[in-house]
Amino acid sequence: MTNYDKIFNGPNLKAARIRTKEKVNIVHDAYELPLGMADFGKGKTYYLKTYGCQANERDSETIAGILETMGYQEIDDIDHADLIVLNTCAIRENAEDKVFGKIGYVKNLKKFNPNLILAICGCMAQEESVVNKILEKYQHVDLVFGTHNINHLPKLLQQANQEKDVTVEVFSTEGDVQEDLPAKRADKYKAWVNIMYGCNKFCTYCIVPYTRGKERSRLKEDIIKEVAELVDQGYQEVTLLGQNVNSYGNDLELGYDFGDLIKEVAKTNIPRIRFTTSHPYDFTFAMVDAINSADNIMPYIHLPVQSGNSEILKLMGRKYDREQYLELFNYIKKTMPNAAITTDIIVGFPNETDEQFEDTMSIYDYCEYDLAYTFVYSPRNGTPAAKMADNVDLQVKSDRLRRLNDMVNEKAMKANKKFEGRIVEVLVDGPSKKSDKVMSGYTRENKLVNFAAPSDLTGKIVSVKITEAKTWTLNGELVG
Ligand code: SAH
Ligand code: SF4
Ligand code: F3S
């Protein structure tokens, strides 16, 4: 019997692939602490580290909220915490390597504090291979829980505290949508708002549909209520979150889509609305018009292309080709000429030829993106692409990445140069990384600006004149 056979509650990638037509329940106000757990964390501290995307950032806010209902207090010093929670990401191998490095580090801490609890959650916890590896090689882990059962955290901590063996509870299939869970938001002015969970796209390289389950939209009433409360609390910006926001509402079958939703969110008068991520396949022209219809919807669209070559796009299962992508891109540029557009690109998909890669270079050259997140393809266990033979040398892949990144930098600089001399609106985040006297914040187009200003402007929207463009940031001076 392998260790894996011993876990009853572990993940299963095959089961995670299944998409049922069953309607998902939306559960309100169901969260309660198990008996005796309200003081469990009293006088104790937790350290919470988040890897990966905004979905994880938002989940961490829920985890923090739950822990604080148990009396725990957050600290940012891992060495002195009573509970360490690593909320992990499985998107690429190097993301996973970082987490295993951290898990190794915690082993030493346990020598000094035998009562220390180490919990692993997030997308890696949804992978069979990872849970297996933890059970075999990292037995100092106390608790593994997944992305679908964060609301069980108090009960699981209770169990992990009582049992010697690692406690594992990971559901391969999504459960109900849980509303009204506690949350400790990371920021006072900018908030993440989930509009949907999961992903049904199954791009052939991607692990997310397995780790996050099927697409489940929140009810528009719940979303609007949340945004309205944020407005009352003084929030200046919300970012609507989904792996593929453009398919919002498909599962609810109410004839109400992302375009309808964003227009309604705009009516709450939250000063700034952002959204991510957009998938070109579900992005209708009517949605572009909706984004363009209200001044508090920011002119910034992250529109991952992944590749500029139609054959590779087909192998990736992206469901659009180069021409269809460009049609959408051109419509956005035509109707929103001042919008910033960014993208994601994977180079070195299995068997990508030089010619196919040149198509990615040429689409980039044409689109002149404001910025791009570029990655070398990383095979993910259990995905269809991981089974494809691959004859491309790693060196060739990294050369392609370097060439692409040179173009990314060149176009980023070109896009930023257009801002020189302009007066822009900036939502002030707080002191910049370099100095207390320099504030930083983002423009409507999501450009990071540094400018000298007093720190009491944090959370305000101010006018800044751009004096100098750099590749990644803009420098400016406060004008009002
Ligand atoms: N839902 C979003 C993306 C989520 S993952 C979307 O569809 O756009 C963020 C990015 O990681 C992806 O856009 C892709 O560029 C990259 N990515 C995903 N899986 C990858 C893999 N196996 N190897 C390398 N990059 C990957
Ligand atoms: Fe992954 Fe594709 Fe879903 Fe994005 S749309 S999360 S890349 S499967
Ligand atoms: Fe990573 Fe999971 Fe997000 S794999 S990118 S944390 S959905």
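Residues numbered from 1 in each chain as written. Chains lettered and ligands numbered in written order. Predicted model: local features only at pLDDT ≥ 70, side-chain atom pairs only at ≥ 80, totals over all residues. Heavy atoms only, no water.

What to know about the packing of aromatic side chains
Here is step 1: A full pass over the atoms with the stated rule returns twelve aromatic pairs.
Here is step 2: Centre to centre, the rings of tyrosine 320 and tyrosine 325 are 5.9 Å apart; their planes meet at 40°, and the pair counts as tilted. Here the two residues tyrosine 320 and tyrosine 325 agree in accessibility, since each one is buried.
Here is step 3: Ring pairs connect the aromatic residues Tyr320, Tyr325, Phe329, Tyr364, Tyr366 and Tyr369, which therefore count as one cluster.
Here is step 4: Here the guanidinium or amino end of arginine 92 rests over the ring plane of phenylalanine 375, the centre of that ring lying 3.6 Å away. (Phe/Tyr/Trp six-rings, centres within 6.5 Å; stacked < 30°, edge-to-face > 60°. Buried < 20%, exposed > 50% of the residue type's maximum accessible area, 1.4 Å probe, protein only. Lys NZ or Arg CZ within 6 Å of the ring centre and 35° of its normal.)

Comments concerning the sheet that holds strand E13 (residues 272-276)
Here is step 1: Read across the sheet, three strands follow the order E9-E12-E13 without closing on themselves; strand pairing throughout is parallel. Each of the sheet's edge strands pairs with one partner strand only, and the pair in question is strand E9 (190-194) and E13. Strand-to-strand, the axes of this sheet are offset by a mean angle of 25°, without reference to chain direction.
Here is step 2: Two strands pair when backbone bridges link them, and strand E12 (residues 237-241) and E13 are joined in this way by five bridges, in the parallel orientation. Bridged to leucine 240 within E13 is phenylalanine 275.
Here is step 3: Packing of helix H8 (residues 220-232) onto the sheet brings it into contact with E9 and E12, and relative to E9 it is tilted by some 170°.
Here is step 4: Seen against the sheet, helix H9 (residues 258-266) touches E12 and E13 and runs at an angle of roughly 155° to E13. (Pairing = 2+ DSSP bridges. Helix = DSSP H or I, 4+ residues; strand = E, 2+ residues; numbered from the N terminus. Axes fitted to C-alpha atoms, helices over the stretch in contact; angles between N-to-C directions. Contact = heavy atoms within 4.5 Å.)

Examining the site of ligand 1
Here is step 1: Around ligand 1 sit 15 residues in total, of which Tyr205, Gln243, Gln306, Asp344 and Ser378 are the nearest.
Here is step 2: Between ligand 1 and glutamine 306, the relevant distance is 2.7 Å, taken from an oxygen atom to a side-chain nitrogen or oxygen of the residue.
Here is step 3: Within the side chain of aspartate 344, a nitrogen or oxygen atom sits 2.6 Å from an oxygen atom of ligand 1.
Here is step 4: Relative to its unbound accessible area of 540 Å², ligand 1 is 90% covered by the protein chains.
Here is step 5: Residues that form the shell around ligand 1 fall into these classes: seven nonpolar, four polar and four charged. (Near = heavy atom within 4 Å. Polar contact = N/O pair within 3.5 Å; in protein donor to acceptor, adjacent residues only side chain to side chain. Areas by Shrake-Rupley, 256 points an atom, 1.4 Å probe, with all protein chains shown as cover. Nonpolar A, V, L, I, M, F, W, Y, C, P; charged D, E, K, R; others polar.)

Examining the sheet that holds strand E2 (residues 45-50)
Across a sheet, strands are paired by hydrogen bonds formed along the backbone, either parallel or antiparallel in direction.
Here is step 1: With parallel pairing, six strands are arranged side by side in an open sheet as E3-E2-E4-E5-E6-E7. At either end of the open sheet lies a strand with only one pairing partner, and these are strand E3 (73-74) and strand E7 (167-169).
Here is step 2: In this fold helix H4 (residues 93-112) packs onto E2, strand E4 (83-88) and strand E5 (117-122), with an angle of close to 170° to the strand it touches most, E4.
Here is step 3: Strand contacts of helix H6 (residues 153-162): E4, E5, strand E6 (143-145) and E7, with the helix running at about 155° to E6, the strand carrying the most contacts.

Observations concerning the nonpolar core
Here is step 1: Within the largest apolar cluster, 67 residues are counted, with the highest numbers of intra-cluster contacts made by Leu240, Phe258 and Tyr325.
Here is step 2: When residues in this core are grouped by element, the largest group, six residues, is from helix H12 (residues 322-335).
Here is step 3: Those residues in contact with tyrosine 325 that sit more than four places away from it in its chain are Pro280, Leu303, Pro304, Val305, Tyr320, Thr343, Ile363, Cys367 and Tyr369.
Here is step 4: By size, the runner-up hydrophobic cluster in this structure holds 34 residues, among which are Ala95, Leu116, Cys123 and Tyr210. (Core = buried A, V, L, I, M, F, W, Y, C linked by side-chain atoms within 4.5 Å.)

Thoughts on the site of ligand 2
Here is step 1: As a structural note, the neighbourhood of ligand 2 is formed by Cys199, Lys201, Phe202, Cys203, Tyr205, Cys206, Val208, Pro209, Gln243, His279 and Arg318.
Here is step 2: The residue inventory of the shell around ligand 2, partitioned by class, reads seven nonpolar, two polar and two charged.

Things to note about the pairing of E12
Regular strands show a simple pattern: their side chains alternate between the two faces of the sheet.
Here is step 1: By the criterion of burial, E12 is predominantly enclosed, with five of the five residues buried.
Here is step 2: On E12, burial covers both faces: Glu237, Thr239 and Leu241 on one face and Val238 and Leu240 on the other are all buried.
Here is step 3: One ladder, built from five bridges, connects E9 with E12; its direction is parallel. Paired with valine 193 across the bridge in E12 is leucine 240.
Here is step 4: As for the winding sense of the linkage, the β-α-β connection from E12 through H9 to E13 is right-handed. (Right-handed = clockwise from strand over helix to strand, strands pointing away.)

Focus: the domain arrangement of the protein
Here is step 1: Split into domains, the protein comes out as domain 1 (4-169), domain 2 (177-417) and domain 3 (423-478).
Here is step 2: Relative placement of domain 1 and domain 2: their C-alpha centres are 27 Å apart.
Here is step 3: The interface is formed by 44 residues belonging to domain 1 together with 41 residues belonging to domain 2.
Here is step 4: Surface buried jointly by domain 1 and domain 2 totals about 3,700 Å² across both partners, of which 55% is contributed by carbon and sulfur atoms.
Here is step 5: Among the residues domain 1 hides against domain 2, the three largest losses belong to Arg19, Arg58 and Glu61. Together they make up 18% of the total.
Here is step 6: At the junction of domain 1 and domain 2, the tally comes to five salt bridges.
Here is step 7: Among the salt bridges present, the one from lysine 23 reaches glutamate 253, with a minimum N-O distance of 3.5 Å.
Here is step 8: The interface formed by domain 1 and domain 2 contains 23 residue pairs in polar contact (both at pLDDT 80 or more).
Here is step 9: When its residues are assigned to classes, the side of domain 1 that touches domain 2 shows 15 nonpolar, 13 polar and 16 charged. (Domains from an automatic or database assignment. Buried area = accessible area lost by both parts, 1.4 Å probe. Salt bridge = Lys/Arg side-chain N within 4 Å of Asp/Glu carboxyl O.)

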